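# Notes for the structure review
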Amino acid sequence: MFDLKGEIAIVTGGSKGIGKAIVYALAVAGATVVIADIDEDNGKHICNELSGSGFQAEIVKTDVTDSKSVDSLVHYTVNKYGKVDILVNNAGILGDAPITEISDEDWDRLMRINLTGAFYCCRAAVRHMLEKRKGKIINIASAGGKQGFPLAGVHYCASKGGIMALTRQLALQVSPQGIHVNAVAPGTTETEMIKNRSEEKRQFIINKIPVGRMGRPEDTAAAVLFLASKAGDYITGETIDVNGGLYMD
């Protein structure tokens, strides 16, 4: 049911954190994974690790804020492999400043990476998926897009709320053509993005999570694998929450 042999997947921001876990999950399930990231060095390291274990992955340097770079990524993938079956829009950055300290540049940069980048990737991939009348798009949202949280900036939450709205509307448009579009919304997850938070802030977050721990990248990757596989074939336009029961707080 979770077999992805023969599938071609693109994962943006796949060189570290949640993206890296997603790359491994899809590759181990049999997919050939194209890592789209500006960090070529980490991407190459992941590809070498996977190829050494008999799995298929490659890195294509991509700037998701540049529509030409995104179009080139999808064009390259289709030319080499003949198709794009799975797109995971994971590339993103965190913002936790109070609104009075968010500059125009801060707002624009975060929106371009977190939301506009996902739009560019969806647009480019859908153009090819429509020809095959088949595809899975999984966008990485956040618990912050649904629920206010003291340690998240308004720009970050707005971008992730936008991801969920984009997911619903795109699913409405393309699901009749065989393209499933869903999102996964992780709670706070143990990645490089939060490594500088104090122990006090970390404990504050954990105290709000009923299962008593932060998320792990593999928790989100498991939900992505489910949606990318045949097990998720009757789900579209949805956001799956992976947050340890945060909303029950």
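As shown above, the structure is provided for reference.
A brief look at the structure comes next. Please read these numbers as outputs of a predicted model, since none were measured by experiment.

## Here's the deal with the sheet that holds strand 1 (residues 8-12)
Strand order in the open sheet formed by 7 strands is 3-2-1-4-5-6-7, with parallel pairing between adjacent strands. Every interior strand has two partners, whereas the edge strands, strand 3 (57-61) and strand 7 (239-242), have only one. Across the sheet, the mean angle from the axis of one strand to that of its neighbour is 20°, orientation sign disregarded. In this sheet, strand 2 (residues 32-37) lies alongside strand 1 in parallel orientation, the contact comprising 5 bridges. When the sheet's bridge partners are listed, threonine 12 is paired in strand 2 with alanine 36. The sheet contacts of helix 2 (residues 40-52) involve strand 2 and strand 3, and relative to strand 3 the element is tilted by about 170°.

## Quick notes on the nonpolar core
Counting residues in each nonpolar core, the largest one holds 30 residues, and the members touching the most others are Ile22, Leu26, Val33, Val88 and Ile138. For this core, the element with the highest residue contribution is helix 1 (residues 17-28), accounting for 7 residues. Contacts of valine 33, omitting those with residues within four sequence positions, involve Ala9, Val11, Val23, Leu26, Ala27, Gln56, Ala57 and Glu58. Residues Ile10, Val70, Ala125 and Val181 belong to the second largest nonpolar core, which totals 25 residues.

## Comments concerning the pattern of salt bridges
Taken as a whole and assessed by the stated rule, the structure comprises 10 salt bridges. In this structure, lysine 146 engages aspartate 241 in a salt bridge whose closest nitrogen and oxygen atoms are separated by 3.1 Å. Of the two residues, lysine 146 is situated in the loop between strand 5 (135-140) and helix 5 (154-174) and aspartate 241 in strand 7; the sequence distance between them amounts to 95 residues. Its relative accessible area of 43% is what places lysine 146 among the partly exposed residues. Note that glutamate 199 and arginine 202 form a salt bridge whose closest N and O atoms lie 3.9 Å from each other. Highlighted residues: glutamate 199 and arginine 202, both in helix 6 (residues 199-206), separated by 3 residues, approximately one helical turn.

## Some words on a negative patch on the surface
A contiguous patch of negative charge on the surface is contributed by Asp104, Glu105, Asp106 and Asp108. Take aspartate 104: it is sitting in helix 4 (residues 104-132).

Procedures and definitions
Residues numbered from 1 in each chain as written. Predicted model: local features only at pLDDT ≥ 70, side-chain atom pairs only at ≥ 80, totals over all residues. Heavy atoms only, no water. Pairing = 2+ DSSP bridges. Helix = DSSP H or I, 4+ residues; strand = E, 2+ residues; numbered from the N terminus. Axes fitted to C-alpha atoms, helices over the stretch in contact; angles between N-to-C directions. Contact = heavy atoms within 4.5 Å. Core = buried A, V, L, I, M, F, W, Y, C linked by side-chain atoms within 4.5 Å. Buried < 20%, exposed > 50% of the residue type's maximum accessible area, 1.4 Å probe, protein only. Salt bridge = Lys/Arg side-chain N within 4 Å of Asp/Glu carboxyl O. Patch = residues over 30% accessible without salt bridge, like charges linked within 9 Å, V, L, I, M, F, W, Y side chains within 5 Å. Areas by Shrake-Rupley, 256 points an atom, 1.4 Å probe, with all protein chains shown as cover. Lys, Arg positive; Asp, Glu negative; His and termini not counted. Charge placed at Lys NZ, Arg CZ, Asp CG, Glu CD.

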